[in-house]
Amino acid sequence: MRTFLGVKRRSICVYFINPFTHHKLAASKKNFLPDSSALYCNTIFRVMEAGNVPGSNANFRRPYNAVSNKNAGQKLVWAPKGQKPEVEAKAAVKSSEEADVKGPAKLDEEVVENKAFKGGKLSARAQVRATFYPKFENEKSDQEVRNKMIQAVTSGKGIVEVSLKHSGSLFLYSGDDIGGAFAKNSYGNLYTAVGVYVLGRTMQEAWGAQAAEKQKEFNSYLQENHLCIAMELVTAVLGDHGQRPLQDYVVVTAVTELKARPLFYSSPDVVAFCHKWRLPTNNLWLFSTKKSVTSFFSAYDALCEEGIASTVTKVMDEIADLSVPGSKSHGELQGEILEGLVARVVDPASITSMEKTLLQHPAPEKHDGSGNFGPGLREIFAANRESEEKQMRALLQSVGANMCSNVSDWFEERTLDVQSSKGPETHLIGSFLQATPADNSTLKLQELCRAIRSRKLPVRFKCRSNTHRKTGVSDIPDSKSFRMTIHVLSDSAFRRYQSEMRKQPGLWPLYRGFFVDIDLSLAASSDAPVATVEDVAEKVADASVEDSPVPPTPSKVGVEQGTMLDDTEHLMLKLKFLPYKLRTFLIRNGLAPLLNKGISEYKTYYMRQMKNWGTSAQKQKELVQLLDEWAVYAKKHIRDKKLHNSYLTVAEPFLEKYAQRSPKNQRLIGAAGSAVNVEQFLAEMSGERSEEEDDSAHVEDETPSTSSASDATSAKKAKGMLVFFPGIPGCAKSGLCAEIRKVSELGHQHHLMGDLTKGRFWQILAEQRKKKPQAITLADKNAPNEEVWKQIENICESTHAIGVPVVCDSKGTEANPYSLDALAVCTYRVLQRTEHPGNLDKNSPNPGAVMLMFYNLYKGKDRKEFEDELQERFGHLIKMPFLKADRELMPKAILDVFEQGLDLYKKHTTKHGRLESLKGTFKDAWVAWETLLRKTLFANSEYLNSIQVPFQEAVKSVLDQLKALNSAGLIMHVPKASEERSFRTFTFAAVKLPQEEVSKALEAISAQSLQAQTYLSGKSWRENLSKAHVTLAHKHAHGVAAVSAYGSLRASPAPVQFTALVFTDKLCALEVQLNAAGEEQTIKSLNSWPHVTVWTGQGMKPKDANALPALVDKGQAQRIVFPNPISITGTVDFL
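Analysis parameters
- Residues numbered from 1 in each chain as written.
- Predicted model: local features only at pLDDT ≥ 70, side-chain atom pairs only at ≥ 80, totals over all residues.
- Heavy atoms only, no water.
- Helix = DSSP H or I, 4+ residues; strand = E, 2+ residues; numbered from the N terminus.
- Buried < 20%, exposed > 50% of the residue type's maximum accessible area, 1.4 Å probe, protein only.
- Contact = heavy atoms within 4.5 Å.
- Areas by Shrake-Rupley, 256 points an atom, 1.4 Å probe, with all protein chains shown as cover.
- Pairing = 2+ DSSP bridges.
- Axes fitted to C-alpha atoms, helices over the stretch in contact; angles between N-to-C directions.
- Salt bridge = Lys/Arg side-chain N within 4 Å of Asp/Glu carboxyl O.
- Polar contact = N/O pair within 3.5 Å; in protein donor to acceptor, adjacent residues only side chain to side chain.
- Core = buried A, V, L, I, M, F, W, Y, C linked by side-chain atoms within 4.5 Å.
- pLDDT = per-residue confidence, 0-100.
- Parallel < 35°, antiparallel > 145°, perpendicular 65-115°, else oblique.
- Left-handed = near helix turned anticlockwise from the far one by under 90°.
- Nonpolar A, V, L, I, M, F, W, Y, C, P; charged D, E, K, R; others polar.
- Phe/Tyr/Trp six-rings, centres within 6.5 Å; stacked < 30°, edge-to-face > 60°.
- Lys NZ or Arg CZ within 6 Å of the ring centre and 35° of its normal.

**Considering the overall build of the protein**
- When helices and strands are counted, the protein shows 41 helices and 33 strands.
- Counting over 1135 residues, the protein shows a buried share of 55%.
- A separation threshold of at least 6 residues defines the contact pool for the protein, and within that pool the share at least 24 residues apart is 78%.
- For the protein, the exposed area adds up to about 49000 Å²; of that, 50% sits on carbon and sulfur atoms.

Structural data, given as structure tokens:
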């Protein structure tokens, strides 16, 4: 029995087939030498005879499937337990005698290309070099996440930790060896050079004369302990964010130990680490009780549309259970424009640990920062503006050898993208996945890569040779060292990978900023000991124990470890502020639609953004005025359409002048210009509007709360219906529309066909619906993505219609709501068309490529996500029966041809983008594939016809659903996201009173008192009662912290007693006692005189009612005391 690739077997061979070119590779009797192009594959197959599959081991499962091979007979596919075998490659079996090659092997280019392993035992050792937290996508709404956080704190499972979100770039640093500096998805570039310089300069300023020695110690410490530091890099030279920082700086956000599985330091340990090395720390606030955490969320809601760094940090310090100041204030470093706050749930012991840390590791004394440290970052950039290379060389030379002793990462080109390059290094990933893992970390990284590839996640593996790295392995002739960057191309990859982690609990997370050093090596001789399948099985078993959830250690916490939070442990909220969003989203990101499509398109863009954010009506009004002026200003002053990265050059002078016009404008903008007087700004915020001066204004403009919004909208009847089709060509939408139009009981109908409409279809449809809002409009055009769905939402809202998506009922795949079965049937239907108005029929030269293009428009969502989103957006979903449930499996020939087509489509779009298939370098391949597609589908026509649900049966099902919907009454839909977003900006806390109850109380008073009856008669007091409330605290009079303290009482019932009527000839109010006499005061008003303003005469404001008690004392007002106080119940809320 021989060994091959570390696997004992009687008969085994691994080789690869390019699924598109159909290269047939035969295992020769002498050597196994497949064509290198056939190695361009995403997955590795291992093929064994049935008798050799280690099914007895609990960590391996029995063969999943049989693969037919005409040369080798029936063979079985082997895969680890819990992992489906991958299907991109084929395999054959070769006898052990043919594979036997004596003597040592060299790991040269042939080995990397897998051209000749020649009996060598390929081994791999992988070491994570840098990483940042995984991106956990919250599948719930923000309000649900808030509720879960509050529940976690209330139940004692965790506490909420909040930090400032500095506005910069991710920078990772793991020491001064070859390649110790990383950006988010790259290294050896300008970003990392700037990061190294700023970090080195920070240590120089912190340590003064000791800096050189401390830098050496620091780098040695990182390397010896396998640590990586994550920082936010904030500079004025790498592109504009919300505000150009006053200083160039870094702030530490995470520290990770990378000896094996990445372990992230807890926040107390991050603080201790930073204090030890005098590194900048972030502001942190801990909330450990229900009252404090609800106060935090309430404080954010109060500040979200006006918050700047000074006001936010001041309020957070007042309401937090524990406040940990940063090394320097955000205002000193970046300025007053604050991006936002990051809230996450951490271990409940964190607050105690943090208190101990602050005692044992106090913040270091601040160095004055004086000394000759050489030119600054901005000076270096200005002096070397000719090229980025000159800037990088100058920066690295300036920071010195203690922080950068080797510059090879920046100035040696060794990048090879394994998804695009055709060189030998293209196959490094394949070699790594085949190799026997040297340790458990390597094994887990192989599992992670296989999971990514098996799910076909949008992730790119970039490789770069690492010949200069001093590992002791790369110097061996039979070895190859390289660095792999795992670059996540879309955030959807994190969500889909998390789904895979739930299926395979032992999987490591998919991290952001993910860099791995890999060493591949061959044993010196065929007799050298290597790991067998059984050895690997043991390692998997060991790994399953090691990676099982265990309570975190006091100092380090694995991202998926710990039992503290169950399913809530990864909950995180990013809470951003409007002054920042104004700059980045509305101004910077709006430059493209403004400059390329004009002011009208820009207005549509910013209105949609404000609607999505739930911006209050008053702020929307102010922003519209500002942005309309900005649009005219920008069109006049911006000549370079590529100004995106330096937009503040034009925007900042405009904002500064706009802010100077009034305090209201200053509040809207937050801060502008280089010299903002913060104290004056805070005073203006507190003093410009006093307590009840804007009570009425705010209530008139306020965004309704959840319940009121839901109630109001639920009573709003729609005028018509818009039926649309999120499908692909061939799903029978035109035929279905023709059948729907025959049904008179559905009422007036309007049909618009995309293939016969010239111009912008949805814009034309919107105009026609405005003319016929009562009609049932049939939008006979595929509506494939979120951009189109947003347009449909806008049409429905503007024409008072409900949106009704009709979709073919299909199970879909993990990455697409439509299955390959559905794609095959639709394509077959298209190929049977004649004289189609859109020219997509059997006479089209490339119908298959067009079908693949439509199919890929839905890529990224599984069926559940697809249907859930449509349901949430529109409130309705009609499913059209499509394929028979009891159908036989799709023939392999059909699946294979579509798999080949999808691979070809990926290659084509990667190289040519949206270029027509018959015009690129893959023209001949497309022609061959289109021919094969037609041949395959028509050869299986009997099967394709047999699996379809009869058309009339599908029509009947859709019509029944439409009729039921129409007869139930058309009610405008409130999107789920809007329903659940109960938080909003507010100005004060109050007890809201039911209008009818207050009205009855005044009527009862009139019946008891002739004086009250005489006074109230003839006055329009009933009109004011819709806004009746008792103010508890006002953010301008009492402060945001005081208002947010009522957060834990929100929605609580509040007993109220009316004890007297106080009035003048121009003003009237009810005197209030919030709790019955003798009861404990649970709800208290911070107003010196709690009251309800009932009526104001001409020239009077609600706030003037505060003066009524003083006017009574002066004899200028009257007071009628009620012998029997009148009791009603209100509700605590924010207004």
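**A short note on the sheet that holds strand E28 (residues 988-992)**
- The sheet built from six strands is open, its strands ordered E29-E28-E33-E30-E31-E32 with antiparallel pairing. The outermost strands of the open sheet, each flanked by one partner alone, are strand E29 (1029-1034) and strand E32 (1091-1096). When strand polarity is set aside, the average angle formed by the axes of neighbouring strands in this sheet is 35 degrees.
- The strands touched by helix H38 (residues 995-1008) within the sheet are strand E30 (1053-1063), strand E31 (1067-1073), E32 and strand E33 (1118-1134), with E33 carrying the most contacts at an inclination of about 175 degrees.

**Describing the pattern of salt bridges**
- Scanning all chains against the criterion turns up 44 salt bridges.
- Measuring nitrogen to oxygen at the nearest pair gives 3.0 Å for the salt bridge that ties Glu867 to Lys879. With a gap of twelve residues between them, Glu867 in helix H32 (residues 863-874) and Lys879 in strand E27 (residues 878-880) connect regions that are remote in the sequence.
- Classification of Lys879 as partly exposed rests on a relative accessible area of 32%.
- By sharing partners, the salt bridges in this structure join Glu786, Glu793, Lys861, Glu869 and Arg873 into a single network.

**Some thoughts on the side chain of Thr1031**
- Of note, Thr1031 is situated in strand E29.
- At 3.5 Å, the side chain of Thr1031 forms a polar contact with the side chain of His1029.

**Describing the pairing of strand E10 (residues 227-234)**
- Among the eight residues of E10, eight are classified as buried, and the element is accordingly described as predominantly covered.
- Of the two faces of E10, the one carrying Leu227, Ile229, Met231 and Leu233 and the one carrying Cys228, Ala230, Glu232 and Val234 are both buried.
- In terms of strand pairing, strand E8 (residues 169-173) meets E10 through five bridges, oriented antiparallel. Counterpart to Tyr173 in the pairing with E10 is Ile229.
- In this structure, E10 lies alongside strand E11 (residues 249-257), joined through eight bridges in antiparallel fashion. By the bridge assignment for E11, Leu227 is matched with Glu257.

**Side note on the sheet that holds strand E22 (residues 572-576)**
- Taken in spatial order, the five strands make up an open sheet running E14-E13-E7-E15-E22, and their pairing is antiparallel. In the strand order of this sheet, the two ends are held by strand E14 (322-324) and E22, each with one partner. Taken over all neighbouring pairs, the strand axes of this sheet differ in orientation by 20 degrees on average, direction set aside.
- Pairing analysis gives four bridges linking strand E7 (residues 159-165) to strand E13 (residues 284-287), with the strands arranged antiparallel. Looking across to E13, one finds that Val162 is bridged to Trp285.
- Along the sheet face, helix H10 (residues 350-360) touches E7, E13, E14 and strand E15 (340-346) and points at about 45 degrees away from the line of E14.

**Comments concerning the pairing of strand E26 (residues 801-808)**
- Within E26, eight of the eight residues are buried, leaving the element largely enclosed by the surrounding structure.
- Burial along E26 is two-sided: the residues Ala801, Gly803, Pro805 and Val807 and Ile802, Val804, Val806 and Cys808 are all buried.
- Note: E26 against E27, three bridges, orientation parallel. Each bridged residue has a counterpart across the sheet, and for Val807 the counterpart in E27 is Lys879.

**Notes on the nonpolar core**
- If you look at the biggest cluster of nonpolar residues, it comprises 81 residues, and the most contacted ones within it are Trp762 and Phe898.
- The element that contributes the greatest number of residues to this core is helix H30 (residues 820-830), accounting for eight residues.
- Trp762 has contacts with Phe724, Ala779, Lys781, Ala783, Val788, Gln791, Ile792 and Ile795, leaving out every residue within four places of it along the chain.

**Some words on the confidence of the model for the protein**
- Confidence in the prediction of the protein, expressed as mean pLDDT, is 77, and 76% of residues score 70 or more.
- Within the protein, the element-level pLDDT minimum falls on strand E3 (residues 47-48), averaging 28, and the maximum on E13, averaging 96.
- Ignoring residues within four places in sequence, the model shows residues 471-475, a span with pLDDT below 50, making nine contacts including any to other chains.
- Residue range residues 557-568 is modelled with pLDDT below 50. Its contacts to residues more than four positions away, or to other chains, number 39 contacts.

**Some thoughts on the packing of H30 against helix H31 (residues 847-856)**
- Interaxial distance between H30 and H31 falls to 10 Å at its minimum, and their mutual angle equals 140 degrees. With respect to H31, the element H30 is oriented oblique. H31 is crossed by H30, and the crossing has right-handed handedness. Contacts between H30 and H31 pair Leu820, Leu823, Cys826, Thr827 and Val830 from the former with Pro847, Met851, Leu852 and Tyr855 from the latter.
- Of the residues that constitute the contact of H30 with H31, the class distribution is eight nonpolar, one polar and no charged.

**Looking at the packing of aromatic side chains**
- Applying the stated criterion across every chain, the model contains 34 aromatic pairs.
- Arranged with centres 5.5 Å apart and planes meeting at 55 degrees, the rings of Trp630 and Phe654 form a pair that is tilted. With Trp630 in helix H21 (residues 617-637) and Phe654 in helix H22 (residues 648-659), this residue pair connects regions lying 24 residues apart in the sequence. In terms of burial, Trp630 and Phe654 fall into one category: buried.
- Clustering of aromatic rings is evident, with ring pairs tying together Phe171, Tyr173, Phe218, Tyr221, Tyr265, Phe273 and Trp277.
- Over the face of the ring belonging to Tyr187 we find Arg483, whose NZ or CZ atom lies 5.2 Å from the ring centre.
- Against the face of Tyr818 rests Arg863, its NZ or CZ located 5.1 Å from the ring centre.

**Some remarks on the environment of Ala1033**
- Among the structural elements, Ala1033 can be located in strand E29.
- Separated by 101 residues in sequence, Ala1033 and Phe1134 have C-alpha atoms that sit 9.6 Å apart.
- Residues in contact with Ala1033, not counting those within four places in the same chain, are Phe988, Ala989, His1038, Ala1042, Val1043, Tyr1046 and Leu1086.

**Brief notes about the packing of H21 against H22**
- H22 packs onto H21 with a crossing angle of 135 degrees between their chain directions and a minimal axis gap of 11 Å. Relative to H22, the element H21 lies oblique. Handedness of the H21/H22 crossing: right-handed. Along the contact surface, H21 presents Glu622, Gln625, Leu626, Glu629, Trp630, Tyr633 and His637, while H22 presents Val650, Ala651, Pro653, Phe654, Leu655 and Tyr658.
- Split into classes, the residues belonging to the contact of H21 with H22 amount to nine nonpolar, two polar and two charged.

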